[in-house]
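# Remarks on the overall topology
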Amino acid sequence: LEPYFKDLIETKTNKKILQYPFMRISYTDALDKYGSDKPDVRFGLKLTNLEVPMKKGSMEVLKSLESVKGLVLNITLTRKEQDELIEKVKQQGAKGLLVIPMIDGVFQGSLAKFFDESVQKEVVELLNGNEYEINGEQTLLCIAGPKKETDKQMGWLRLYLRDTYKLVDSNV
């Protein structure tokens, strides 16, 4: 069936298949890495479980929550963009969104004071191990809460960022 589908897409549309044979991913991995059981794998922004290091920080609200997931944008968001993103995430049922600017893996901004150097290094190691390249100016976005809800909200955020920042080539 895969060869037929590949041929159909490539001959009847202007789109190209990025990966063949098609990737197989378990339901659990799809939810954990993409926040959806039907993930869009044409772009990065894989979700990273940051529960362990983030709970070591001094932000008390994170310590009682079941799950902390994050992803990294390779841009720095303006204050207006941050505020708009926080409101959009709240509309999806999240209590909030941690927006942490980073320069070469070092947390910046008002939230940096809650995470000492060892916590920041552990976060960066986890992100680097999940196909991110942490360098330059980037933004770490995190949602915390019950695991099922956090996965769903992060999945929505991932797709919203895909559309907002045009992270997918329309020919793929």
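With that out of the way, let us pick up the layout of surface pockets. Roughly 400 Å³ of volume is contained in the largest pocket. I17, L18, Q19, V41 and R42 are, among the 16 residues lining the largest pocket, the residues nearest its centre. Its residues assigned to classes, the lining of the largest pocket shows ten nonpolar, two polar and four charged. By volume, the second largest pocket is sized at about 300 Å³. Taken together, 17 residues form the lining of the second largest pocket, with F43, G44, L45, K46 and Y132 sitting closest to its centre. Looking at the lining of the second largest pocket, its residues break down into ten nonpolar, four polar and three charged.

What follows is about the pairing of strand β2 (residues 67-73). The buried count for β2 comes to seven of seven residues, which makes it a mostly enclosed element. In this structure, strand β1 (residues 48-49) lies alongside β2, joined through two bridges in antiparallel fashion. Each residue of the ladder has a partner; that of T48, found in β2, is G70. Where β2 and strand β5 (residues 137-145) come together, seven bridges link them in antiparallel fashion. Among the inter-strand pairings, G70 is bridged to a residue of β5, identified as C142.

Inspection of every chain in the model, using the stated rule, returns 15 salt bridges. For R24, the salt bridge identified is with E2, shortest N-O distance 2.7 Å. Separated by 22 residues along the polypeptide, R24 in the loop between α1 (2-12) and α2 (27-34) and E2 in helix α1 bring together distant segments of the chain. Its relative accessible area of 19% is what places E2 among the buried residues.

This part takes up the nonpolar core. Among the nonpolar cores identified, the biggest contains 39 residues, and M54, L97, L140, L141 and L157 are the most heavily contacted of them. Of all elements in the fold, only β2, α5 (79-91), β3 (98-103), α6 (117-128), β5 and α7 (147-164) reach the threshold of two or more residues within this core. The biggest single contributor to this core is β5, with five residues. Excluding anything up to four places from it in sequence, L157 contacts L85, V89, L97, L141 and I143.

This part is about unusual backbone geometry. Located in the positive-phi region is D104, a residue other than glycine, with phi close to 50 degrees. Backbone geometry at E131 places phi at a positive 70 degrees, although glycine is not the residue there. Position of E131 relative to the elements: it lies in the loop between α6 and β5. Judged by relative accessible area, which is 63%, E131 ranks as exposed.

About the cut-offs
Residues numbered from 1 in each chain as written. Predicted model: local features only at pLDDT ≥ 70, side-chain atom pairs only at ≥ 80, totals over all residues. Heavy atoms only, no water. 1 Å grid on protein atoms, 1.4 Å probe; cavity = no way out; pocket = protein on both sides within 12 Å on 5 of 7 lines; lining within 4 Å. Points joined across faces, edges and corners; volume = space filled by probe spheres on them. Nonpolar A, V, L, I, M, F, W, Y, C, P; charged D, E, K, R; others polar. Buried < 20%, exposed > 50% of the residue type's maximum accessible area, 1.4 Å probe, protein only. Helix = DSSP H or I, 4+ residues; strand = E, 2+ residues; numbered from the N terminus. Pairing = 2+ DSSP bridges. Salt bridge = Lys/Arg side-chain N within 4 Å of Asp/Glu carboxyl O. Core = buried A, V, L, I, M, F, W, Y, C linked by side-chain atoms within 4.5 Å. Contact = heavy atoms within 4.5 Å.

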